[in-house]
Amino acid sequence: MSERVAIIGVGWSGFRPVTPEVSYKELIYEAGVRAYSDAGVDPRKDVETFVTVAEDFHEGTSIFDEYTPDQLGAALKPMHTICGDGLHGLGTAYMLIRTGQFEVVALEGHSKASNILTLPEVTAYAQDPVINRPLRFNTDFIAGMEMNRFLYESGTSFEQCATVVTKNRRNALYNPSAPYGANLTLEEVLNGPDLAWPLGFHEKARHADGAVVMVLASEERARFLSETPIWILGVGWCNGSFSLESREWGGLPYIENAARMAYRQLGITNPRGVVDFAEVDDIYAYKELQSLEALGLFSPGEAGPLTEEGYTAIDGELPVNVSGGSLGMGNLLDANGLARTLEVVLQLRGEAGPRQLEDVEIGLVQSWRGVPTTSGAVAILSN
Amino acid sequence: MGMRKVAVIGAGMTKFVRRAQETAKELTWEATHMALQSCELTLDDIEAVCLGTAPDSFDGIHMNGEYLSDGAGAWDKPYMRSYVGGGTGVFVPIQGWYHIASGLFDVVLVVAEEKMSSYYPHGQAAFLTIFDHTTERPLKPNLLWIFAMEMNRYMTTYGISKEDIARVSVLHKRNAANHPAALLGDSEITVEDVLNSEVLAWPVQRLDVSPVSDGAVALVLAAEHVAKRLTDKPVWIEGVGWHLDTAHWTNRDLAYPRYVEYAARMAYDMAGIKEPRKEINIAEPYDPFDYKALHHLEGLQLAERGQAPQLYIDGTAEKDGDMPVCPSGGLLGVGNPIAAAGLMKIAELFWQLRGEAGARQVPGQPRRGLAQAWGDLMQVGTVVIMGR
């Protein structure tokens, strides 16, 4: 059994608001070829098992796992799909290697959001069909309710939420793979149209297309294949209450639990001072603040003021979403966690170009599956 | 350091029915509750939950796994849904296996659920959306036609008759007569009944096909040190295997399921099985159609190519034969709520190997059993080998 697992190759294609000239298979193929070449492996010979993350309704195809093998070189190989975020897939690949049955695993996640003509309606189909759907809740309305409760409980201000938008979209200007880089002022964000008050239009990540593929390996294989293995120190995931009626709206107990699971694997109880930088969920701007508090990186009510002070900026004490986050890189549906992980890998390898952080050793990734789920995951990586 | 051993220590299943009054979530809850009760555990003892369910389009719920989470006992727990189409039912226990074998968890709940009756008027229409949106969907393919092609190919390649294939349906439906949760058990059914049933898409007739159904099954899996503390009769997961072939099913040799062979070889290697025909005491191959059981027995290396019908002719496949096949009654008899049907086969092996299968108990204290499922576009094989 290999206790330690490393990411030895990453590849991606995108990320762009629309990709009319390529199919999802071509996006995945490009990301796959890059990842395999980065890892120096042949998918037909070296990769023993494959994991993808996807949801049928996002693809417009039932039993979507049918269409996963060919573009990854996985035909007639052990392959399965996880209906989860990319970080759930990372947890799966991690477990597969730790069983001792597999040495090299490939992991894929993608988004072809631009193909979905009725995304808000599709997302609304995730609500309980008996109790909630007849009320015709809009997805952003549910997020607006959660934001309102979070602001009320934590004392976070509108300005502090808007700071997340200006910070992440400015960071995205330094990320060539991020389509939504922009120099916005606080006023522009605050004076934008409402989406579902208090949630503003600029505080929601717009969608993007793209694919991410990663190659993971056991310690022995990683040391043989890679000069810059990025070690997975811990992974955690958790579900909270699915029911809108019985969930907690101000905090994120499922993220607290997922983080605790990951921290336990590192043997730490408090991540502050351990984690050098973080890539967390920001598909709505307030989520970044709420998540940072649930992760224990900040105390309740602290994330807003510290963000305002620049603590989480690229030159701050704890840079958060240096990649641009989902606000800057786009909401990639099931691939959000992998896009966040990609940035952590690049930073830890020292390959992040103009946005490279200095002397970073431990990075944290966190993701959420979006409204109406209470499903999140956390991973901690090190070089 | 050797691999961590994983055991099944509890199982529960709902009745398989045509139109359940319960919601999908309630079905999941019921099976989960029964599995926990069977090993005297509560949700507090469960560290993680694995779920299997087939296409979201049946229930019309996006992210159906999230919707089912609290029914499956996943509130405040690590939870993931795995997916390999029709092979999912035998894949979820594999998912449970790697959760525990990885060393991250000691006690894991494995749940599979399917509610096909929500789709009105018939779940079959949902299957149109499994085909390639550009090359196949415009042709409006129907699953029955596809299986008719495969069945025809299988019969033609090996010279197998409709009677040979009908025997499978007869044996499985007769076995199911003894299953308290079965939908289509029939102790009186004959080969003539099958051959005289309505033609759906030649050579497939109504009694060649398993019924559309609703139901759920759950298992409790535990690591060795926990299993030994909780039960005197753990049933070990000795081998697991799965393989997914290309999506281009039209290029495939339809007479022989190579993906099942590869999955089986993976599981046999892990279990240290060299001669499966001697070492497997009970087989639960996937039987959504009667010919499929034969097809899969060959892929599993439990019969020579084209020779699987012989197992049903010479009595080998019967309950008191040398290698009983589908003593549960299989999908043809118990029912086919897709993911739940696969996991039902694992539950059956659990009960059979513990000697708790009641009227279905195969004689001779079987030591080892194999369950297999299949799915996607004639594409995926999933195999689990369990032993005492």
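All figures in this text were calculated on a predicted structure; none of them were measured in a lab.

Draft legend 1. The overall build of chain A, seen in detail. Along the backbone of chain A there are 13 helices and 11 strands. In terms of principal-axis extent, the alpha carbons of chain A reach across some 55 × 45 × 40 Å. Buried positions account for 62% of the 383 residues belonging to chain A. Sequence separation of 24 or more characterises 78% of the internal contacts of chain A that already satisfy a separation of 6 or more.

Draft legend 2. Representation of the overall build of chain B within the structure. Along its length, chain B carries 14 helices and 11 strands. Against the globule reference of 21 Å for 388 residues, chain B gives a C-alpha radius of gyration of 19 Å, in line with a compact fold. Looking at chain B residue by residue over its 388 residues, the buried ones come to 63%.

Draft legend 3. Quick look at the packing of helix H6 (residues 162-176) of chain B against helix H11 (residues 290-299) of chain B. Residues and elements named next belong to chain B. With their axes 7 Å apart at the nearest point, H6 and H11 run at an angle of 100° to one another. In terms of orientation, H6 and H11 fall into the roughly perpendicular class. Contact with H6, carried on its side by Ile165, Ala166, Val168 and Ser169, involves Asp290, Tyr291, Ala293 and Leu294 of H11 and no other residues of that element. Residues of the contact of H6 with H11, tallied by class, amount to six nonpolar, one polar and one charged.

Draft legend 4. Local environment of the interface of chain B and chain A. Tallying the contact residues gives 52 residues for chain B and 51 residues for chain A. Element by element, the count of residues in the side of chain B that touches chain A is highest for strand S3 (residues 79-83) of chain B, at five residues. Of the residues belonging to the side of chain B that touches chain A, the class tally is 28 nonpolar, 16 polar and eight charged. Pairing geometry for strand S3 (residues 79-82) of chain A and S3(B), over two bridges, is antiparallel. Counterpart to Thr81(A) in the pairing with S3(B) is Tyr83(B).

Draft legend 5. The pairing of strand S11 (residues 380-387) of chain B, seen in detail. All names here are of chain B. A large share of S11 lies buried, amounting to eight of its eight residues. Neither face of S11 is left uncovered, since the one carrying Val380, Thr382, Val384 and Met386 and the one carrying Gly381, Val383, Ile385 and Gly387 both have all their residues buried. Note: strand S10 (residues 368-375) against S11, eight bridges, orientation antiparallel. Within the sheet, the bridge partner assigned to alanine 373 lies in S11 and is threonine 382. In textbook terms, the turn of a hairpin is the stretch between consecutive antiparallel strands, and for S10 and S11 this stretch comprises four residues, one of which, aspartate 376, has a positive phi near 60°.

Draft legend 6. Region of the structure containing the environment of Ser117(B). All names here are of chain B. Within the element layout of this structure, serine 117 appears in the loop between strand S4 (107-115) and helix H5 (143-158). Distance from serine 117 to phenylalanine 58, taken between C-alpha atoms, is 7.7 Å for residues 59 residues apart in sequence. Not counting residues up to four positions away in its chain, the partners in contact with serine 117 are Arg18, Arg19, Ala20 and Asp214.

Draft legend 7. Spatial organisation of the domain arrangement of chain A. Residue and element names in this part refer to chain A. Split by domain assignment, chain A resolves into domain 1 (5-118 + 208-230) and domain 2 (141-203 + 233-382). Placing the centre of domain 1 and that of domain 2 at their C-alpha centroids yields a distance of 23 Å. Counting residues at the interface gives 29 residues for domain 1 and 27 residues for domain 2. Looking at the side of domain 1 that touches domain 2, the elements that each hand over two or more residues are strand S1 (5-16), helix H3 (86-98), strand S4 (104-112) and strand S7 (209-218). Classifying every residue of the side of domain 1 that touches domain 2 gives 16 nonpolar, 10 polar and three charged.

Draft legend 8. Summary view of H11(B). Residues and elements named next belong to chain B. Counting buried residues along H11, 10 of its 10 residues qualify, which places the element largely inside the surrounding structure. Listed as buried for H11 are Asp290, Tyr291, Lys292, Ala293, Leu294, His295, His296, Leu297, Glu298 and Gly299. Trailing H11 by a residue or two, glutamine 301 shows a phi angle of about 65°, which is positive.

Draft legend 9. Local environment of helix H10 (residues 285-294) of chain A. Residue and element names in this part refer to chain A. With 10 of 10 residues buried, H10 lies mostly within the body of the structure. Among all positions of H10, only Ala285, Tyr286, Lys287, Glu288, Leu289, Gln290, Ser291, Leu292, Glu293 and Ala294 are buried. Along its buried surface, H10 packs onto helix H5 (139-154), helix H6 (158-172), helix H9 (253-266), helix H11 (303-309), helix H12 (325-329) and strand S10 (362-368). Following H10 by one or two positions, glycine 296 adopts a phi angle in the positive range, close to 80°.

Draft legend 10. Region of interest: the packing of H3(A) against helix H13 (residues 336-349) of chain A. Residues and elements named next belong to chain A. Across the interface, H3 lies against H13 with an axial gap of 5 Å and an inter-helix angle of 70°. In terms of orientation, H3 lies roughly perpendicular with respect to H13. Contacts from Gly86, Leu87 and Leu90 in H3 reach Asn336, Gly337, Leu338 and Thr341 in H13. Its residues assigned to classes, the contact of H3 with H13 shows three nonpolar, four polar and no charged.

Draft legend 11. A look at the environment of His225(B). Relative to the assigned elements, His225(B) resides in helix H8 (residues 224-230). Separated by 219 residues in the primary sequence, His225(B) and Val6(B) have C-alpha atoms spaced 9.3 Å apart.

Draft legend 12. Here's a closer look at the pairing of strand S1 (residues 6-13) of chain B. All names here are of chain B. The element S1 is extensively covered by neighbouring structure, given that eight of its eight residues are classed as buried. Judged from the seven bridges that link them, S1 and strand S7 (residues 214-223) form a sheet pairing that is antiparallel. By the bridge assignment for S7, glycine 12 is matched with alanine 218. The pairing of S1 with strand S8 (residues 235-244) spans two bridges and is antiparallel. From the neighbouring strand, valine 8 faces S8, where its bridge partner is valine 235.

Draft legend 13. Looking closely at unusual backbone geometry. Backbone torsion omega between Trp197(A) and Pro198(A) reads 5°, so that peptide bond is classified as cis. Positionally, Pro198(A) belongs in the loop between strand S5 (194-196) and strand S6 (199-200). In this structure, Pro203(B) follows Trp202(B) across a cis peptide bond, with omega equal to 5°. Its location among the elements puts Pro203(B) in the loop between strand S5 (199-201) and strand S6 (204-205). With a phi close to 55°, Asn321(A) is a non-glycine residue in the positive phi region. With respect to the helices and strands, the residue Asn321(A) is situated in the loop between H11 and H12. The exposure class of Asn321(A) is buried, given the 27 C-beta atoms found within 10 Å. Of note, Asp76(B) is a non-glycine position whose phi angle comes to about 70°, a positive value. Here Asp76(B) lies in the loop between helix H3 (64-68) and S3. Residue Asp76(B) is classed as partly exposed on the basis of its 16 C-beta neighbours within 10 Å.

Rules and cut-offs
- Residues numbered from 1 in each chain as written.
- Chains lettered and ligands numbered in written order.
- Predicted model: local features only at pLDDT ≥ 70, side-chain atom pairs only at ≥ 80, totals over all residues.
- Helix = DSSP H or I, 4+ residues; strand = E, 2+ residues; numbered from the N terminus.
- Buried ≥ 20, exposed ≤ 12 C-beta atoms within 10 Å, placed from the backbone.
- Contact = placed C-beta atoms within 7 Å.
- Rg over C-alpha atoms; globule rule 2.2 N^0.38 Å.
- Axes fitted to C-alpha atoms, helices over the stretch in contact; angles between N-to-C directions.
- Parallel < 35°, antiparallel > 145°, perpendicular 65-115°, else oblique.
- Nonpolar A, V, L, I, M, F, W, Y, C, P; charged D, E, K, R; others polar.
- Pairing = 2+ DSSP bridges.
- Domains from an automatic or database assignment.

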